[in-house]
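Observations on chain architecture
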Amino acid sequence: MAKFTRLFASALIGVTALGAAIPASAQSYPRGGYEGRDDRYGDRDEDRDGRYDYRGSQGQAQAIRAQIAELERRVAQVDRRDRISEREAAGLRNAVYRLRQQFQVYNRNGLSRSETSALRERIAQIRSRLQVERHDRDGRRY
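Let me sum up the structure you'll find in this document. Predicted model, so just to flag it, every value in this text is computed and none were measured.

1. Remarks on the pattern of salt bridges
- This model, assessed by the stated rule, comprises 3 salt bridges.
- Between Glu-70 and Arg-73 there is a salt bridge, with its nearest N and O atoms 2.6 Å apart. Of this pair, Glu-70 and Arg-73 both sit in helix α2 (residues 54–80), 3 residues apart, which is roughly one turn of that helix.
- Judged by its relative accessible area of 44%, Arg-73 is partly exposed.
- The salt bridge partner of Glu-72 is Arg-100, with a shortest N-O separation of 2.9 Å. Here Glu-72 is found in helix α2, whereas its partner Arg-100 is found in helix α3 (residues 86–106), with 28 residues between them in sequence.

Quick look at the structure:
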């Protein structure tokens, strides 16, 4: 009888373990490794290169795109009100244009943390430069 109980207990443990393993095998996991995978369609927020997947970087990209549009609008408004010279306005418009170009290059495969940081730093520099140009009253560029 003891032999039968041991056999029955071990069979019961095996069936229970198999019953728990079957639903786990039905879960979807990311396909393959990181090599050759397009980051935009990954299941993770960030891969080894620090790039966000499409869902993760989309919010970052929208925020930066909005900040660049705001910079363009502010430069046009300050120029229209003649708070800065035409030369200063042209330099600021050029800086915003180069920032937009850099953003488009970075955003092709999603934004990494370092790219997001670099873009935010350039936005802050242009904002600061706009502030300085508005208050210098000399009509000259740097």
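2. Let's talk about the nonpolar core
- Core analysis: the largest hydrophobic core is formed by 18 residues, its most contacted members being Ile-64, Ile-68, Leu-99, Phe-103 and Ile-126.
- Of all the elements in the fold, those that place two or more residues in this core are α2, α3 and α4 (113–136).
- Excluding residues that lie within four positions of it along the chain, Leu-99 makes contacts with Ile-68, Leu-71, Leu-119, Arg-122, Ile-123 and Ile-126.

3. Considering the packing of α3 against α4
- Orientation of α3 relative to α4, taken along the N-to-C sense of each, is 170 degrees, at an axis distance of 11 Å. Considering their axes alone, α3 and α4 lie roughly antiparallel with respect to each other. Here α3 contributes Glu-88, Gly-91, Leu-92, Ala-95, Val-96, Arg-98, Leu-99, Gln-102, Phe-103 and Tyr-106 to the contact with α4, which in turn contributes Glu-115, Ala-118, Leu-119, Arg-122, Ile-123, Ile-126, Arg-129, Leu-130, Glu-133 and Asp-136.
- Residues belonging to the contact of α3 with α4 are distributed by class as follows: 11 nonpolar, 2 polar and 7 charged.

4. Some words on unusual backbone geometry
- In this model, Asp-82 sits at a positive phi of 55 degrees, which is unusual for a non-glycine residue.
- Tracing the backbone through its elements, the reader meets Asp-82 in the loop between α2 and α3.
- Note on Asp-82: relative accessible area 60%, which makes it exposed.

Conventions and cut-offs
Residues numbered from 1 in each chain as written. Predicted model: local features only at pLDDT ≥ 70, side-chain atom pairs only at ≥ 80, totals over all residues. Heavy atoms only, no water. Salt bridge = Lys/Arg side-chain N within 4 Å of Asp/Glu carboxyl O. Helix = DSSP H or I, 4+ residues; strand = E, 2+ residues; numbered from the N terminus. Buried < 20%, exposed > 50% of the residue type's maximum accessible area, 1.4 Å probe, protein only. Core = buried A, V, L, I, M, F, W, Y, C linked by side-chain atoms within 4.5 Å. Contact = heavy atoms within 4.5 Å. Axes fitted to C-alpha atoms, helices over the stretch in contact; angles between N-to-C directions. Parallel < 35°, antiparallel > 145°, perpendicular 65-115°, else oblique. Nonpolar A, V, L, I, M, F, W, Y, C, P; charged D, E, K, R; others polar.

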